[in-house]
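Each chain, letter by letter, is given below.
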Amino acid sequence: MDPDSFKDFAREMTEYITNYLENIRERRVLPTVEPGYMKPLLPSEAPQTPESWKDIMGDIERVIMPGVTHWHSPKFHAYFPTAQSYPAIVADMLSDAIACIGFTWIASPACTELEVIMLDWLGKMLDLPKEFLACSGGKGGGVIQGTASEATLVALLGAKAKKVRQVKEQHPEWTDNEIVGKLVAYGSCQAHSSVERAGLLGGVKFRLLDVDSKYKLRGETLAEAIRKDKEQGLIPFYAVATLGTTCSCAFDRLDEMGVVANRENVWLHVDAAYAGSAFICPEFRYLMKGIELADSFNFNPHKWMLVTFDCSTMWLKDPTYVINAFNVDPLYLKHDMQGSVPDYRHWQIPLGRRFRALKLWFVLRIYGVENLQRFIRNHVSQAHEFEALVQSDSRFEIVAEVILGLICFRLKGSNDINEALLKKINGAGIIHLVPSKINDVYFLRFAICSRFSESKDIQNSWKEIKLRADEIFEEQSV
Ligand code: PLP
């Protein structure tokens, strides 16, 4: 492609993207296609001769859009949000143009240095304890992982390496395998599936502990589990506190868990994948009380802070254990500056990494902290607006405390009636929700997701839910 065609293509694409996003509300949020819909729309082989970019533009509406679920529609209330904004899109263009692989400092110094500075900016925005920040001059610092799942696994592997080393000092006669066989990690039964998976990938036992009536993991539950495991000769080494669980946005008691973990010499990791963005607002920081007791902390700006996927920020008080856990040092990756700056390849699982700090930089500068705070507060206030609508209809009940942008609700009655309601809602395809279940109680999750979401969207989504509930009750009375 010659440079002029690139400019024309990019200009046309920018026009298309803007129209798509600014009019996204008009599209049906859920596609109606059947599995395999795309096959008849595309040739069975790649073209032998070049095609025009104009043909590709024409195919977006014909081939792609019919099969797109519109995550940025204000009618999309499923899962948790995934973020998106114009500055992040432009930053990704630049990242794709530079197209460096910043595995070491020398592999592209700007890639590493902007990441270190952005993680300090962001850490300060959250008011993280200074031990997590590179600018404090201590051991601590931050890194951008691809996902929260990777952060949980990286922390677990760091904790495992640390504990194996500590135990070896006391019992030099024990083999690594003997020690690893005794290691045990903990999280809440409400933790994201990636937490349990980290245990499987890390080859260690992982206990999912019971929560209290507000779905929080308490310090005493962790203490009791550790006590029992130690009695059995096992070695507790890692615990995950979830701030903002996926099912109901509950907050584990980090302050209580922290005291226990510190006392027991257990690495405490905080998974705040969704909720962490809210901590840029001082009024929500009470939800991370006890953060000074944690060893590592992670949240996803790519969920709720207008930075496109993937950008999962992680801070470690002492990255040494993670760095040493994965350290292999072939000659072709060595450089003269080693040791004076982070080589992020040691902080993560893959070797390759994109220039992701650019999108944080662009978003933080174009919005400013004030507008990012306004964005979060606006979503939380829309969540409370929806909560009030649910409470105004005596057929419904709220299932969990509404703290941020997620409302868990259900029709009073059986699981079956709620399953039927959700089927109707998603079948109509006007809005999109997903369910969850705690203690065998099935409920619907309504997340405020879109950056385009306004009060009128909340009102319209509620009207749609009420309409489908009316249909259920009418069908039942026939
Ligand atoms: N942790 C929590 C609390 C989540 O809600 C999610 C996803 O929604 C994850 C972890 C996994 O996030 P990721 O896709 O970034 O691995």
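Scroll up for the structure.
As a convention, each chain's residues are numbered from 1 in the sequence order in which they are written. Where local features are concerned, this predicted model is filtered to residues with pLDDT of at least 70; where side-chain atom pairs are given and counted, the filter is 80 or more; whole-chain, interface and lining totals use all residues. Side-chain measures here rest on the full set of heavy atoms in the structure, leaving out hydrogens and waters.

> How should the sheet that holds strand β2 (residues 183–188) be read in this particular structure?
Pairing between the strands of a sheet comes from backbone hydrogen bonds, and it takes one of two forms, parallel or antiparallel. Pairing in this open sheet of seven strands is mixed, and the strands run β1-β7-β6-β5-β4-β2-β3 from one edge to the other. Because the sheet does not close on itself, it has two edges, and the strands there are β1 (141–145) and β3 (205–209). Neighbour-to-neighbour, the strand axes of the sheet open up by a mean angle of 20°, direction not taken into account. A pair of strands is treated as paired once DSSP finds two or more bridges between them. Counting from the N terminus, the helices are DSSP H or I runs at least four residues long and the strands are E runs at least two residues long. Here β2 runs beside strand β4 (residues 235–242); their pairing, made up of four bridges, is parallel. By the bridge assignment, Y186 is partnered in β4 with A239. The contact criterion used throughout is that any non-hydrogen atoms of two residues lie within 4.5 Å. All axes here are fitted lines through C-alpha atoms, helices being fitted over the stretch that makes contact, and every angle between N-to-C directions spans 0 to 180 degrees. Its contacts with the sheet place helix α4 (residues 109–125) against β1, β6 (296–299) and β7 (312–316), and it is angled at close to 85° to β7.

> Honestly, the site of the ligand in this entry has me stumped. Any pointers?
Any residue with a heavy atom lying within 4 Å of a molecule or strand is counted as near it. Surrounding the ligand, one finds 14 residues, the nearest of these being A148, S149, T246, D271 and N300. A distance of 2.9 Å separates an oxygen atom of the ligand from a polar atom in the side chain of T246. Residue K303 places a side-chain N or O atom 3.3 Å away from an oxygen atom belonging to the ligand. When contributions to the shell around the ligand are tallied by element, the ones reaching two or more residues are α5 (148–170) and α10 (301–304). Considering only residue class, the shell around the ligand consists of three nonpolar, nine polar and two charged. Pairs of N or O atoms are called polar contacts if they sit within 3.5 Å, as long as, within protein, a hydrogen donor faces a hydrogen acceptor (for residues adjacent in sequence, only side-chain-to-side-chain pairs). Three classes are used: nonpolar for Ala, Val, Leu, Ile, Met, Phe, Trp, Tyr, Cys and Pro, charged for Asp, Glu, Lys and Arg, and polar for all others, with Gly counted as polar.

> How do you make sense of the packing of aromatic side chains when you look at a structure like this?
Classification of ring pairs rests on two measures: the distance between centres of Phe, Tyr or Trp rings, Trp counted by its six-membered ring, which must be within 6.5 Å, and the angle between planes, read as stacked under 30 degrees, edge-to-face over 60 and tilted in between. Evaluated as defined, the whole model comprises 17 aromatic pairs. Summarising the aromatic geometry, the rings of F297 and F299 are spaced 6.3 Å apart at their centres and angled 45° between planes, so their arrangement reads as tilted. Judged by its relative accessible area of 0%, F297 is buried. Ring centres of Y344 and W347 lie 5.3 Å apart, and the angle between their planes is 75°; this geometry places the pair in the edge-to-face category. Taken individually, Y344 and W347 each receive the classification buried, so the pair is uniform in this respect. In this scheme, the term charge over a ring applies when either NZ of a lysine or CZ of an arginine sits within 6 Å of the ring centre and within 35 degrees of the ring normal. Here the guanidinium or amino end of K182 rests over the ring plane of W174, the centre of that ring lying 4.9 Å away. Using a 1.4 Å probe on the protein chains alone, a residue whose accessible area is under 20% of its type maximum counts as buried, one over 50% counts as exposed, and one in between counts as partly exposed.

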